Amino acid sequence: MQCIENIPEHTLVKYNNSDILVPFDGIGIIVGVSNKPRMAELSEGVTVNVCELIVKDVALCTLTSSFSRRGGVAYADNGSINSTGSYEVGYVFPRSFQDTSDYQIDDKVWVHLK
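Here the structure is a predicted model, which is why all the values come from computation and not from measurement.

Caption draft 1: Geometry of the overall build of the chain. Helices and strands together make up the secondary structure of the chain, namely 0 helices and 9 strands. Traced from its N-terminal end to its C-terminal end, the chain shows the element sequence β-β-β-β-β-β-β-β-β. Counted over contacts in the chain with a minimum sequence separation of 6, partners at least 24 positions apart contribute 41%. Counting only carbon and sulfur atoms, one obtains 50% of the accessible surface of the chain, whose full area is about 6700 Å². Taken together, the 9 basic and 14 acidic charged side chains of the chain have centroids lying 9 Å from each other.

Here it is as structure tokens:
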């Protein structure tokens, strides 16, 4: 999928008016999570920014708040995941039983997308 330049990996994304993926900003509809952003050659001498788009199942996302190690409901916080909010996007998986610490800001977490 075509995306903006320097789109962060593991970011909630939506389409802009030009049908290019951009980080979700709280307005519009989340279409998935960005994965493996890179440059791709469209034709000789013409390159575009592209990324894979995870649209269902499980995706790795970035936290903007601390989160219980037990997991819980995931809410959109612009392009990232927060433990509170009004735009529910899925469920954060709990940490393994060996890890007794809570998730922290900027941690990457597995989210089951709705």
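Caption draft 2: Spatial organisation of the state of the cysteines. Counted by the stated rule, this structure contains 0 disulfides. Cys3 forms no disulfide, and the closest cysteine sulfur to it belongs to Cys51, at a distance of 4.0 Å. With relative accessibility at 2%, the residue Cys51 sits in the buried group.

Caption draft 3: Examining the pairing of strand E1 (residues 12–15) more closely. Strand direction decides the pairing type here: E1 and strand E3 (residues 32–43), joined by 2 bridges, are antiparallel. Residue pairing across strands places Val13 opposite Gly32, the latter belonging to E3. Bridge count for E1 against strand E2 (residues 21–23) is 3 bridges, and the pairing is antiparallel. Each residue of the ladder has a partner; that of Tyr15, found in E2, is Leu21. Connecting E1 to the antiparallel partner E2 that follows it, the hairpin turn spans 5 residues, and Asp19 within it adopts a positive phi of roughly 60°.

Caption draft 4: Representation of the side chain of Asn82 in the model. Tracing the backbone shows Asn82 in strand E7 (residues 80–82). A relative accessible area of 12% means that Asn82 is categorised as buried. A distance of 3.2 Å separates polar atoms of two side chains, one belonging to Asn82 and the other to Asp77. Ignoring any residue separated from it by four or fewer positions in sequence, one finds Asn82 in contact with Thr64, Ser65, Phe67, Val73, Ala74, Tyr75 and Asp77.

Caption draft 5: Summary view of the pattern of salt bridges. This model, assessed by the stated rule, comprises 4 salt bridges. Where Asp25 meets Lys14, a salt bridge forms, and the shortest distance between an N and an O atom there is 3.0 Å. With a gap of 11 residues between them, Asp25 in the loop between E2 and E3 and Lys14 in strand E1 connect regions that are remote in the sequence. Connected via shared salt-bridge partners are Arg95, Asp99 and Asp107.

Caption draft 6: Representation of the sheet that holds strand E4 (residues 46–54). What the 4 strands build is an open sheet, ordered E2-E1-E3-E4; its pairing is antiparallel. At either margin of the open sheet sits one strand with a lone partner, and together these are E2 and E4. Going from strand to strand, the sheet's axes swing by 40° on average, the running direction of each strand aside.

Cut-off values and rules
Residues numbered from 1 in each chain as written. Predicted model: local features only at pLDDT ≥ 70, side-chain atom pairs only at ≥ 80, totals over all residues. Heavy atoms only, no water. Helix = DSSP H or I, 4+ residues; strand = E, 2+ residues; numbered from the N terminus. Contact = heavy atoms within 4.5 Å. Areas by Shrake-Rupley, 256 points an atom, 1.4 Å probe, with all protein chains shown as cover. Lys, Arg positive; Asp, Glu negative; His and termini not counted. Charge placed at Lys NZ, Arg CZ, Asp CG, Glu CD. Disulfide = S-S within 2.5 Å. Buried < 20%, exposed > 50% of the residue type's maximum accessible area, 1.4 Å probe, protein only. Pairing = 2+ DSSP bridges. Polar contact = N/O pair within 3.5 Å; in protein donor to acceptor, adjacent residues only side chain to side chain. Salt bridge = Lys/Arg side-chain N within 4 Å of Asp/Glu carboxyl O. Axes fitted to C-alpha atoms, helices over the stretch in contact; angles between N-to-C directions.

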